Structures are given as structure tokens and as C-alpha cells.
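Structure at a glance
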Amino acid sequence: MDDDAGRNACAIESPKGRPCPFCGTSMDHRHCKYVCPEHGVVYDCSDTFW
């Protein structure tokens with residue numbers, strides 16, 4: 001196996017999450033909640049999504 005192929009596989013970025021409506025930063029999805037690194041929990045599963 002080519003060593004470069006292994007390095008390139010690790011360089012693939014994961015897709016960005018839903019943007020925060022306040023600042024546009026990608027939010028993390030955790031346990032039915034969308035969490036902005038700047039603002040904390042922005043949405044949970046009981047909220048209506050756009």
C-alpha cells in the first residue's frame with residue numbers, strides 16, 4: 001500500500017454542521033441539540049428548524 005494514500009485519507013474534512021443563526025459558525029450536533037462553540041446550545045429537538 002502507498003504511504004501517501006494513507007496520509008491523504010486522513011486529510012479529508014468532515015462536512016460542516018448547520019450554521020449558527022447568530023454568527024454563522026458551524027454547530028456540533030450532540031444528543032438532539034445543535035451547539036455553537038460561541039453561543040452554546042442554539043437548537044434542541046423540540047425546536048422548529050428552518
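So, a few notes on the structure that sits alongside this text. (Residues numbered from 1 in each chain as written. Predicted model: local features only at pLDDT ≥ 70, side-chain atom pairs only at ≥ 80, totals over all residues. Heavy atoms only, no water.)

In this section: the sheet that holds strand β3 (residues 40–44). The strand order across the open sheet formed by three strands is β1-β2-β3, and the pairing between neighbours is antiparallel. Either end of the sheet is taken by a strand with one partner, and the two such strands are β1 (28–30) and β3. The sheet shows a mean angle of 35° between the axes of neighbouring strands, taken without regard to direction. Relative to β3, strand β2 (residues 33–36) runs antiparallel, the two sharing four bridges. When the sheet's bridge partners are listed, Val35 is paired in β3 with Val41. (Pairing = 2+ DSSP bridges. Helix = DSSP H or I, 4+ residues; strand = E, 2+ residues; numbered from the N terminus. Axes fitted to C-alpha atoms, helices over the stretch in contact; angles between N-to-C directions.)

Counting six residues, the largest nonpolar core consists of Cys20, Met27, Tyr34, Cys36, Val42 and Tyr43. Put simply, the parts of the chain that give this core at least two residues each are β2 and β3. Ignoring sequence-local partners within four residues, the contact set of Cys20 consists of Thr25, Met27, Cys36, His39 and Val42. (Core = buried A, V, L, I, M, F, W, Y, C linked by side-chain atoms within 4.5 Å. Buried < 20%, exposed > 50% of the residue type's maximum accessible area, 1.4 Å probe, protein only. Contact = heavy atoms within 4.5 Å.)

On to the environment of Cys23. Mapped onto the elements of the fold, Cys23 is located in the loop between α1 (3–10) and β1. In the structure, Cys23 is positioned 15 residues away from Glu38 in sequence and 8.2 Å away in space, judged by C-alpha atoms. The residues touching Cys23, leaving out its near neighbours within four places in the chain, are Cys36, Glu38 and His39.

Turning our eyes to something else, we now look at the state of the cysteines. Throughout this description, disulfide means a covalent bond between two cysteine sulfur atoms. One pass over the structure, following the stated rule, counts one disulfide. The disulfide partner of Cys32 is Cys45, and the gap between their sulfur atoms is 2.2 Å. On the criterion of sequence distance, the pair formed by Cys32 in the loop between β1 and β2 and Cys45 in the segment after β3 is long-range, its members being 13 residues apart. Taking the relative accessible area as the measure of exposure, Cys45 reaches 54% and is therefore exposed. In this structure Cys20 is not part of a disulfide, and its nearest cysteine sulfur, from Cys36, lies 3.7 Å away. For Cys23, which is in no disulfide, the shortest distance to another cysteine sulfur is to Cys36 and amounts to 3.8 Å. (Disulfide = S-S within 2.5 Å.)

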